[in-house]
Number of protein chains: 2
Amino acid sequence: MLKRYFPILEWAPKYSSRTFVNDLTVAAIVTIMLIPQSLAYALVAGLPPEIGLYASMAPLVLYAVFGTSRALAVGPVAVASLMTAAAAETLASQGTPEYLGAAVALAMVSGLMLIAMGLLRLGFLANFLSHPVISGFIMASGLQIAAGQLAPALGIHAKGETFFELVIALGRNARSINIYTAAIGIASLIFLFWVRSKLKPLARRFGISEKAADLLAKVGPVAAIAATTAIVWGFGLSSRGVSIVGTVPKGLPKLALPPLDLHLWTKILVPALLISIVGYVESISVALTLAAKKRQRVDPDQELIALGAANIGAAVSGGFPVTGGFARSVVNYEAGAETPAAGAFTAAGIALATMFLTPLLYFLPNATLAATIVVAVLSLVDPKALKRVFVYSKADFAAMVTTILATLAEGVEIGLIAGVALAVFLHLYSTSKPHVAVVGQIPGTATFRNIKRHTAVTTPEILSLRVDESLYFPNARFLEDLINGSVAANPEIRHVILECPAVNTIDASALESLEAINTRLGGITFHLSEVKGPIMDRLKRSHFLNELTGGVHLRHYDAVASINSDLVVRTLNAERVEEPVA
Amino acid sequence: MLKRYFPILEWAPKYSSRTFVNDLTVAAIVTIMLIPQSLAYALVAGLPPEIGLYASMAPLVLYAVFGTSRALAVGPVAVASLMTAAAAETLASQGTPEYLGAAVALAMVSGLMLIAMGLLRLGFLANFLSHPVISGFIMASGLQIAAGQLAPALGIHAKGETFFELVIALGRNARSINIYTAAIGIASLIFLFWVRSKLKPLARRFGISEKAADLLAKVGPVAAIAATTAIVWGFGLSSRGVSIVGTVPKGLPKLALPPLDLHLWTKILVPALLISIVGYVESISVALTLAAKKRQRVDPDQELIALGAANIGAAVSGGFPVTGGFARSVVNYEAGAETPAAGAFTAAGIALATMFLTPLLYFLPNATLAATIVVAVLSLVDPKALKRVFVYSKADFAAMVTTILATLAEGVEIGLIAGVALAVFLHLYSTSKPHVAVVGQIPGTATFRNIKRHTAVTTPEILSLRVDESLYFPNARFLEDLINGSVAANPEIRHVILECPAVNTIDASALESLEAINTRLGGITFHLSEVKGPIMDRLKRSHFLNELTGGVHLRHYDAVASINSDLVVRTLNAERVEEPVA
């Protein structure tokens, strides 16, 4: 029981000195890569760079205690940072203590929500983000982040809250470009794209191992940061309008509970919920993917608790919302992390950097950080996914495109909510007109199949319908119309049988419709067949079975035989035809 | 084609003089009963009484042209009147021209929406109101209307926008009661309850036919109105604080297009949509029920157009939203209406009354009208429906109770929206953890059944799972967890087969999950069986079938046989056991 809520009790007692040395090496590598990432995502969230470092310490330690994944690395990530900015901007201006307070409160409320969801086993809430919606949302967020960072990367003054606003502002203010900044930004972009696409094959050609080459490609941003910092310092570019990081406060963050400001907390409930769910979906997907590679288990409910603890850790150490990020987790995994202790050691590494290395960041140009972000988030944009979904399902494609356009035009919250609402609506719509087949008996068998697909025997006085959908409120009235219409069109019909092998539920609305059908059929008898056990149990609790003019039969064959045994037995004993399966 | 949109072309050419005389008689009876109803529902909507008469003319004529039901009578009804009041009160105070303007605009916008829904075949939108939600909503509306009318029935000054507010206001202001008003109101209530429950059996005992006795019982309100009007006039009670209807403007309403006030129309979009959908659901249910009794057809899409035309008719003649009402349609049906012409003649009757009889209404006490409303709407409250739904389905019961409580506490709009949202949520939740069975082969057959319910043969290296639900976003991740968990727990498993006879759809999220499962299973092969035709067609458009490590088999038997033919053939030829059907 205790081990379930504290997975650290599972692995810590078996911890060996060999694992210790391994995890320590991993932590050293990961620390170097995380520092620029943490600074950069703080900028995306509209916060001072040191907040990104603060959010990369306590969360890692707490995840090590509560998390079930061996390789997941939590910290600031692109999409959650953007969502933080979107929510905080509605409450205060960037740079004010209120803005920082809102970001910290988002981490706190989001953490409490995640823990509550974990304890109440509400992880299924994350399911409401269908795959096309979340993938469209991440694409649009990537575009918005990239558009937002182009301004600092080129030294253009442009502000905007949505993608479209940002693009327009960039165009309008293009003349305010600072050529020194633009030179640094563009050079960084070219270098980083080169590192991402070409460095690995090059390194492999020089005989470097696959794994090392992968890691080398990921050190790119660190090299860019070191080089451009040196250039700005050496040529005194900060006096020529190149914006630099400047003084980053030295030392660890003070631990403090964020003020219990209920008024503020109420205002951020919806964005905190959205950040929690989007963050959880990203985190659990990464965790499951990495765990499967080594056949490890990940407990989805416990992951909610771990992510919640990590966010509360971020909040009490002055940070902003965090989640398990794909990029940082893959680095952790590829560097060979064996236990969550590697994460805790990384936290120690970042703490050391925060205490001693921040003066080195003074001349770091913001353009380089912006360039690292642009290169990182453009990998989130995957146009092929759009085509794949388009080919597979028009409804899913509509939800995906709506999410993308609404996010680009109206921002992250409206975009996400519109996508979820449309996905739910389209699902209900698609089940509101289910597939219905008239079935007949296959000669030589007791099997009934769709008469449009198979050679099957029917009798004019019996209407045998198979409905391929659960019967519930979106399609309850459809069934009434269908049967009323069929019976009105065929005066010979004396019996109606509804075959229900694909009916997984009958809700109260559908029950009401079945009762109405039964009553309205008047002299025509109404039967059901192939009703599943759980549905039958429930029907027995209603009056429907007493009022039903026909019967309920286990097999469709039995239902037809109860009405017209001569014909079905004759067909059963006819020359057997090959039984197709539809 | 023309007949589809103008059903009058269907019946008018065959119209005979016999039908004319019959419809005229029906109209005379119905007119007498509709006058008090129309006045009363205008009061519920917070409008002057003549507006109720105006809303009972043009809509009936237009429905006669466009409607497909022979017996449906459109006009002001209880729930739509309450919803009109709720929407108009947020825009203006009762008694002002703006309030009346809002009510007329609601009819106009609602009419346009209904016609658009009819032309675009969007009638399925009405399905989103599940039966428990609409029935809970009608119950709560009935309670609120009754609570609202108790104040005028007893001569108490009490105002409130929700049921709970009204009840509290009634208690607080009980001392403001006017005893003359209360005497009239209470006497009317007792008389009307007696008429409703006792008059029909009494009339039957005197040898009056069933049908005539039914109609007699419905004339009750007219008698109460005549008697109390005479009493108020005779004893001069209007000078003792008894509120009377007073001067009702004589003559027909002027026809005029309501002003195209886009600002106002935007504000009433949501209430107009809710009124449209609730009105349509009430109307179509009544139409279908009455049509079934005589085996007539009702076209649900054309009914949207007819109801829309009726509402536009109401708007251009200064009326408020109308719909097909149960009470008035039943009167029409029982009086023997054979064609929609009966409705048109009723409109003429009401027009005559409006022109000549309104002076007779001068001394009519509002308490009597209020009493007729209280008696009428209390029949909407059906506590047994609550019990029935509770026994059948806890989820539907939760949606129903939520709708009732939210409507009583927060009013009609929030109540309805909360109910619909909860019903959708609970449906998605229920499908998010579907029923899953491990299946095995029934000896002597090629049939596979749940091993928990049947004696079935399994092999340790094959995991055969049957999922009884469509695979889509709410349960996509559930499937991943399920298979990952099962495989982690049973190291002997080398093959996983998913049997899909009850899977009616696989959306893009589920496809993504199936791909993830297939990849993560590594050396274990993954098969599908009994996949339906339409799903197979769609899967062929994705890359999944190419990547699938196992195969897709028509029958589950074939899937198992392709892996382990020896055992399944042995089991197939084993002594045949009785084949149960689950």
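Computed from a predicted model, the values in this text were never measured in an experiment.

**So, the nonpolar core**
Link 1 in the chain: In terms of nonpolar packing, the biggest core is built from 228 residues, with Met-83 of chain A together with Met-83 of chain B touching the most fellow members.
Link 2 in the chain: Excluding anything up to four places from it in sequence, Met-83 of chain A contacts Phe-137, Leu-274, Ile-275, Val-278, Val-412 and Leu-416 of chain A.

**Examining the environment of Tyr-280 of chain A**
Residue and element names in this part refer to chain A.
Link 1 in the chain: Within the element layout of this structure, Tyr-280 appears in helix α14 (residues 269-293).
Link 2 in the chain: Sequence spacing of Tyr-280 and Arg-555 is 275 residues, and the spatial spacing of their C-alpha atoms is 45 Å.
Link 3 in the chain: Look past the residues within four positions of Tyr-280 in its chain and what remains in contact with it is Leu-114, Gly-123, Ala-126, Pro-300, Glu-303, Leu-304, Leu-307 and Thr-323.

**With respect to the pairing of strand β3 (residues 436-441) of chain A**
Remember that side chains alternate between the two faces of the sheet whenever the strand is regular.
Residue and element names in this part refer to chain A.
Link 1 in the chain: Taken together, the 3 bridges between β3 and strand β5 (residues 462-467) define a ladder with antiparallel strand orientation. Residue Val-438 lies in a different strand from β5, and its bridge partner there is Leu-465.
Link 2 in the chain: Of the pairings in the sheet, the one linking β3 to strand β4 (residues 448-450) comprises 3 bridges and is antiparallel in character. Its bridge partner lying in β4, Gly-440 is registered against Arg-449.
Link 3 in the chain: Hairpin connection, β3 to β4: the antiparallel pair is bridged by 6 residues, and Gly-444 has positive phi, about 80 degrees.

**Digging into the pattern of salt bridges**
Link 1 in the chain: On inspection of all chains with the given rule, the structure shows 16 salt bridges over all chains.
Link 2 in the chain: Notably, a salt bridge pairs Asp-301 of chain B with Arg-121 of chain B, separated by 2.6 Å at the nearest N-O pair. Taken together, the positions of Asp-301 of chain B in helix α14 (residues 300-316) and Arg-121 of chain B in the loop between α7 (97-119) and α8 (131-154) put the pair 180 residues apart, joining distant regions of the chain.
Link 3 in the chain: With a relative accessible area of 16%, Asp-301 of chain B lands in the buried category.
Link 4 in the chain: Through salt bridges with shared partners, a single network forms among Lys-200, Arg-204 and Glu-210 of chain A.

**Comments concerning the packing of helix α20 (residues 412-432) of chain B against helix α21 (residues 473-489) of chain B**
Residues and elements named next belong to chain B.
Link 1 in the chain: Look at α20 against α21: their axes get within 8 Å of each other, and the N-to-C directions meet at 20 degrees. Looking at the two axes, α20 sits roughly parallel to α21. Of the two possible hands of crossing, α20 and α21 adopt the one that is right-handed. Listed contacts from α21 to Leu-428, Thr-431 and Ser-432 of α20 are Pro-474, Asn-475 and Phe-478.
Link 2 in the chain: Its residues assigned to classes, the contact of α20 with α21 shows 3 nonpolar, 3 polar and no charged.

**Notes on the relation of the copies chain B and chain A**
Link 1 in the chain: When chain B is fitted to chain A, the best match, at an RMSD of 0.1 Å, comes from turning it 180 degrees and sliding it 0.0 Å along the axis. Those values place the two copies in the arrangement expected of a two-fold rotation axis. The C-alpha atom lying nearest the rotation axis in chain B is that of Ala-502 of chain B; the distance is 2.1 Å.
Link 2 in the chain: Comparing interface residues between copies, 99% of those in chain B also lie at the interface in chain A; the contact surface is shared.

**Let's talk about helix α6 (residues 78-89) of chain B**
All names here are of chain B.
Link 1 in the chain: Helix length check: α6 (12 residues) gives 17 Å between terminal C-alpha atoms against 16 Å at 1.5 Å per residue, within 8%.
Link 2 in the chain: The element α6 is largely enclosed, with a buried count of 10 among its 12 residues.
Link 3 in the chain: If you check which residues of α6 are buried, you get Ala-78, Val-79, Ala-80, Ser-81, Leu-82, Met-83, Thr-84, Ala-85, Ala-87 and Ala-88.
Link 4 in the chain: Here the buried face of α6 lies against α3 (17-44), α7, α8, α13 (269-293), α17 (366-378) and α20.

**Here we look at the environment of Leu-143 of chain A**
Residues and elements named next belong to chain A.
Link 1 in the chain: Secondary-structure assignment places Leu-143 in helix α8 (residues 131-154).
Link 2 in the chain: Looking at Leu-143, the relative accessible area reads 26%, which means it is partly exposed.
Link 3 in the chain: Residues Leu-143 and Val-133, 10 residues apart in the sequence, show an inter-C-alpha distance of 15 Å.
Link 4 in the chain: If we ignore the near neighbours within four places in the chain, the residues touching Leu-143 are Phe-163, Val-381 and Leu-408.

Calculation notes
Residues numbered from 1 in each chain as written. Chains lettered and ligands numbered in written order. Predicted model: local features only at pLDDT ≥ 70, side-chain atom pairs only at ≥ 80, totals over all residues. Heavy atoms only, no water. Core = buried A, V, L, I, M, F, W, Y, C linked by side-chain atoms within 4.5 Å. Buried < 20%, exposed > 50% of the residue type's maximum accessible area, 1.4 Å probe, protein only. Contact = heavy atoms within 4.5 Å. Helix = DSSP H or I, 4+ residues; strand = E, 2+ residues; numbered from the N terminus. Pairing = 2+ DSSP bridges. Salt bridge = Lys/Arg side-chain N within 4 Å of Asp/Glu carboxyl O. Axes fitted to C-alpha atoms, helices over the stretch in contact; angles between N-to-C directions. Parallel < 35°, antiparallel > 145°, perpendicular 65-115°, else oblique. Left-handed = near helix turned anticlockwise from the far one by under 90°. Nonpolar A, V, L, I, M, F, W, Y, C, P; charged D, E, K, R; others polar. Least-squares fit on C-alpha atoms with pLDDT ≥ 70 in both. Expected span 1.5 Å × (residues − 1).

So, to be careful, I would describe these as geometric facts and stop short of saying anything about function.
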